[in-house]
Amino acid sequence: GLLNKVYLQFSHAFWRAKKGATVNDLKGTPFLHPTEYAFANASAVNPEHFMFKDIGRMKYPNADVDPPAILMTMISGKDAVKLERSSDEAVAANVMATLRALYSRVDVPSPIQTKVTRWGSDPYSRGCYTYMAPGCTDQDYLELARPLSGKEVVLLNGGNC
């Protein structure tokens, strides 16, 4: 299977709630409470961006200062294949259209830096998740795990694309 990620770094985290906001204050808004690090795409714009994660807050959940303003969204399936044929600029513009629809009541700045993964095009991975086609069984996984040379091979994987 294929899952690509788009990282966008901003000058400030427009998606985080102002200090002192309560969870009740934020109901029905896309703004993140200080204890939250993810939000869904509740707009009708670009549903392939189904979720966004606040990477800065995930990395520094208890920081005394504002963590880095970095968002990440994941794109899977046919949309991830389409992404692989698009420029970084086109991908970022598509994600920004989604964010500007979600946060239409605030000024959403352009990102200062972007990073787009293309795992399907990577010659060493050619994708990022095992996909079991209809009709496959557990035996297929065992066959895929069998060493080609007859010697045991250890593959270390952090589990993230």
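(A) Looking closely at the overall build of the chain. In terms of regular secondary structure, the chain is built from five helices and five strands. Traced from its N-terminal end to its C-terminal end, the chain shows the element sequence β-α-β-β-α-β-α-α-β-α. Counting contacts in the chain only where the partners sit at least 6 residues apart, residues at least 24 apart contribute 68% of the total. Carbon together with sulfur atoms contributes 54% to the accessible area of the chain, which is approximately 10800 Å² in total.

(B) Representation of the nonpolar core. The biggest cluster of nonpolar side chains holds 23 residues, and the ones touching the most others in it are Val6, Phe10, Phe14, Trp15, Phe39, Leu99 and Tyr103. For this core, the secondary-structure elements that each account for two or more residues are strand E1 (3-9), strand E4 (70-76), helix H3 (77-84) and helix H4 (88-102). A total of five residues in this core trace back to one element, the largest contributor, which is H4. In this structure phenylalanine 39 touches Trp15, Pro30, Leu32, Met51, Phe52, Leu71, Leu99, Leu102 and Tyr103, once residues within four positions along its chain are discounted.

(C) Structural detail: the pattern of salt bridges. All told, the structure shown has two salt bridges when counted by the stated rule. The salt bridge partner of arginine 118 is aspartate 88, with a shortest N-O separation of 2.7 Å. Of this pair, arginine 118 sits in the loop between strand E5 (113-116) and helix H5 (138-145) while aspartate 88 sits in helix H4, placing them 30 residues apart in sequence. Take arginine 118: its relative accessible area is 22%, and that puts it in the partly exposed class. Taking relative accessible area as the criterion, aspartate 88 reaches 29% and is therefore assigned partly exposed.

(D) Molecular detail of the pairing of E4. With respect to burial, E4 is a largely interior element, five of its seven residues being buried. Examined bridge by bridge, E1 and E4 share seven bridges and lie antiparallel to one another. The residue bridging leucine 8 from the neighbouring strand is leucine 71, located in E4. Pairing of strand E3 (residues 51-54) with E4, which is carried by three bridges, proceeds in the antiparallel orientation. Paired with lysine 53 across the bridge in E4 is methionine 72.

(E) Broad picture of the packing of aromatic side chains. Counting across every chain of the model gives six aromatic pairs. When the ring of phenylalanine 10 is compared with that of tryptophan 15, the centres are 5.7 Å apart and the planes differ by 70°; the resulting orientation is edge-to-face. Of the two residues examined, phenylalanine 10 and tryptophan 15, each falls in the buried class. Relative to phenylalanine 52, the ring of phenylalanine 39 has its centre 5.2 Å away and its plane inclined at 15°; by these criteria the two rings are stacked. Here the residue phenylalanine 39 occupies a position in strand E2 (residues 38-40), and phenylalanine 52 occupies one in strand E3, the gap between them amounting to 13 residues. Across the pair, phenylalanine 52 and phenylalanine 39 agree in class, each one buried. What links up through ring pairs into an aromatic cluster is the set Phe10, Phe14, Trp15, Phe39, Phe52 and Tyr103.

(F) Summary view of the side chain of asparagine 46. Within the secondary structure, asparagine 46 is located in the loop between E2 and E3. Asparagine 46 gets classed as buried once you look at its relative accessible area, which sits at 17%. Polar side-chain contacts of asparagine 46 include one of 3.0 Å to the side chain of threonine 98. Ignoring any residue separated from it by four or fewer positions in sequence, one finds asparagine 46 in contact with Asn41, Asn94, Ala97 and Thr98.

(G) Inspection of the pairing of E1 at higher detail. Counting buried residues along E1, five of its seven residues qualify, which places the element largely inside the surrounding structure. As paired strands, E1 and E5 are joined by four bridges and run antiparallel to one another. Pairing of valine 6 across the sheet is with valine 116, part of E5.

Cut-offs and rules
- Residues numbered from 1 in each chain as written.
- Predicted model: local features only at pLDDT ≥ 70, side-chain atom pairs only at ≥ 80, totals over all residues.
- Heavy atoms only, no water.
- Helix = DSSP H or I, 4+ residues; strand = E, 2+ residues; numbered from the N terminus.
- Contact = heavy atoms within 4.5 Å.
- Areas by Shrake-Rupley, 256 points an atom, 1.4 Å probe, with all protein chains shown as cover.
- Core = buried A, V, L, I, M, F, W, Y, C linked by side-chain atoms within 4.5 Å.
- Buried < 20%, exposed > 50% of the residue type's maximum accessible area, 1.4 Å probe, protein only.
- Salt bridge = Lys/Arg side-chain N within 4 Å of Asp/Glu carboxyl O.
- Pairing = 2+ DSSP bridges.
- Phe/Tyr/Trp six-rings, centres within 6.5 Å; stacked < 30°, edge-to-face > 60°.
- Polar contact = N/O pair within 3.5 Å; in protein donor to acceptor, adjacent residues only side chain to side chain.

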